[in-house]
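# Architecture at a glance
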Amino acid sequence: MIRSAVAEGQLYRDLAPDMKERDRRLRVTAVRDGRADLVVEHDLGGPAGRKTHASSARLRSAAFELVEDPADADPQYLALLAALTEVHHPGATPPDYARAALRVLRRLVPAGEVR
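Since we're looking at a predicted model, the values are computed, not measured.

## Brief notes about a nonpolar patch on the surface
- Side chains of Tyr77, Leu78 and Leu81 sit close together on the surface and give an oily, nonpolar patch of about 250 Å² of accessible area.
- Its place among the elements puts Tyr77 in helix α3 (residues 75–87).

## Digging into the nonpolar core
- Formed by Val6, Tyr12, Leu26, Val28, Ala36, Leu38, Val40, Ala54, Leu59, Ala63 and Phe64, the largest nonpolar core amounts to 11 residues.
- Of all the secondary structure elements, the ones that give two or more residues to this core are β2 (25–32) and β3 (35–42).
- The biggest single contributor to this core is β3, with three residues.
- Residue contacts for Leu26: discarding those within four places in its chain leaves Gln10, Leu11, Tyr12, Leu38, Val39, Val40, Thr52 and Phe64.
- Residues Ala79, Ala83, Ala100 and Val104 belong to the second largest nonpolar core, which totals five residues.

The rules behind the values
Residues numbered from 1 in each chain as written. Predicted model: local features only at pLDDT ≥ 70, side-chain atom pairs only at ≥ 80, totals over all residues. Heavy atoms only, no water. Patch = residues over 30% accessible without salt bridge, like charges linked within 9 Å, V, L, I, M, F, W, Y side chains within 5 Å. Areas by Shrake-Rupley, 256 points an atom, 1.4 Å probe, with all protein chains shown as cover. Salt bridge = Lys/Arg side-chain N within 4 Å of Asp/Glu carboxyl O. Helix = DSSP H or I, 4+ residues; strand = E, 2+ residues; numbered from the N terminus. Core = buried A, V, L, I, M, F, W, Y, C linked by side-chain atoms within 4.5 Å. Buried < 20%, exposed > 50% of the residue type's maximum accessible area, 1.4 Å probe, protein only. Contact = heavy atoms within 4.5 Å.

Below, the structure is given as structure tokens:
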């Protein structure tokens, strides 16, 4: 399974044996140098609001479950996903996907505009 990149705003559930029952959930507040800064949002056996950190590789492993990714609701992401879905078929080539993505980007961000 391909795991998404760790990004600010994502919410993870800690699946460690001692944390699974506690339903411990951690929100990514920053990502830098292969590490993610986290804040505990929910923990049935401990304090919420506590800051901690973890390696990005560990967050992408089976030790954690991605529960929420703000990108999933981003209108730009959804437009890009729809465009890629339109060109997806058994014979689709990387340039087909790139052209679909470029059409969406040009529509969302007119030439010369910086976001």
